[in-house]
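Residue strings, one per chain:
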Amino acid sequence: MSVQDDLTAVERSLDALVQAVGKLQTRIGGGLDVRRVRSDTDHLRESLALLKQSQAGAPPGRPAKTEDEMVPVPDTPYNSALWTDAEDEGLGAKDRHAP
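Anyway, here's the lowdown on the structure attached to this text. Since we're looking at a predicted model, the values are computed, not measured.

Looking at the overall build of the protein
Then comes step 1: If you tally the helices and strands in the protein, you get 2 helices and 0 strands.
Then comes step 2: For the protein, contacts bridging at least 24 residues in sequence account for 46% of all contacts bridging at least 6.
Then comes step 3: A total accessible area of about 8900 Å² is found for the protein, and carbon and sulfur atoms account for 55% of it.

What follows is the structure, given as structure tokens:
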């Protein structure tokens, strides 16, 4: 079974869960607990959509690899004016000192 087949099976199961929660909601009403379960199923649907999207470009049998963006960090010192009036939990303020 391929990853795509697994994702499709999960999607079908999630659809069945959404239908079951809908039936339950009609029987017992829309109380807080049912709304939370409904919200959880919505989040699962969104998460599954993101997972399917990330797997769309993956080679068969292998998960998609996300490439990290390289950010160059210069070796030159930062401009000290950037830190003017900055505090490190109160230690940098002129009228405060460490306990």
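Some remarks on helix H2 (residues 32–55)
Then comes step 1: Its 24 residues give H2 an end-to-end C-alpha distance of 34 Å, which sits within 8% of 34 Å, the value for a rise of 1.5 Å per residue.
Then comes step 2: Taken as a whole, H2 has its buried residues at Val34, Thr41, Leu48 and Gln55.
Then comes step 3: Structurally, H2 contributes buried residues whose contacts are with helix H1 (3–28).

Observations concerning the pattern of salt bridges
Then comes step 1: By the definition in use, this model includes 2 salt bridges.
Then comes step 2: The salt bridge partner of Lys52 is Glu11, with a shortest N-O separation of 2.9 Å. Here the residue Lys52 occupies a position in helix H2, and Glu11 occupies one in helix H1, the gap between them amounting to 41 residues.
Then comes step 3: Judged by its relative accessible area of 25%, Lys52 falls in the partly exposed class.
Then comes step 4: Taking relative accessible area as the criterion, Glu11 reaches 30% and is therefore assigned partly exposed.
Then comes step 5: A salt bridge links Asp15 to Arg45, with the shortest nitrogen-to-oxygen separation between them at 3.1 Å. Pair noted here: Asp15 is in helix H1 and Arg45 is in helix H2, with a separation of 30 residues, a long-range link.

Procedures and definitions
- Residues numbered from 1 in each chain as written.
- Predicted model: local features only at pLDDT ≥ 70, side-chain atom pairs only at ≥ 80, totals over all residues.
- Heavy atoms only, no water.
- Helix = DSSP H or I, 4+ residues; strand = E, 2+ residues; numbered from the N terminus.
- Contact = heavy atoms within 4.5 Å.
- Areas by Shrake-Rupley, 256 points an atom, 1.4 Å probe, with all protein chains shown as cover.
- Expected span 1.5 Å × (residues − 1).
- Buried < 20%, exposed > 50% of the residue type's maximum accessible area, 1.4 Å probe, protein only.
- Salt bridge = Lys/Arg side-chain N within 4 Å of Asp/Glu carboxyl O.

So far we have only geometry, and geometry alone does not tell us how the molecule works.
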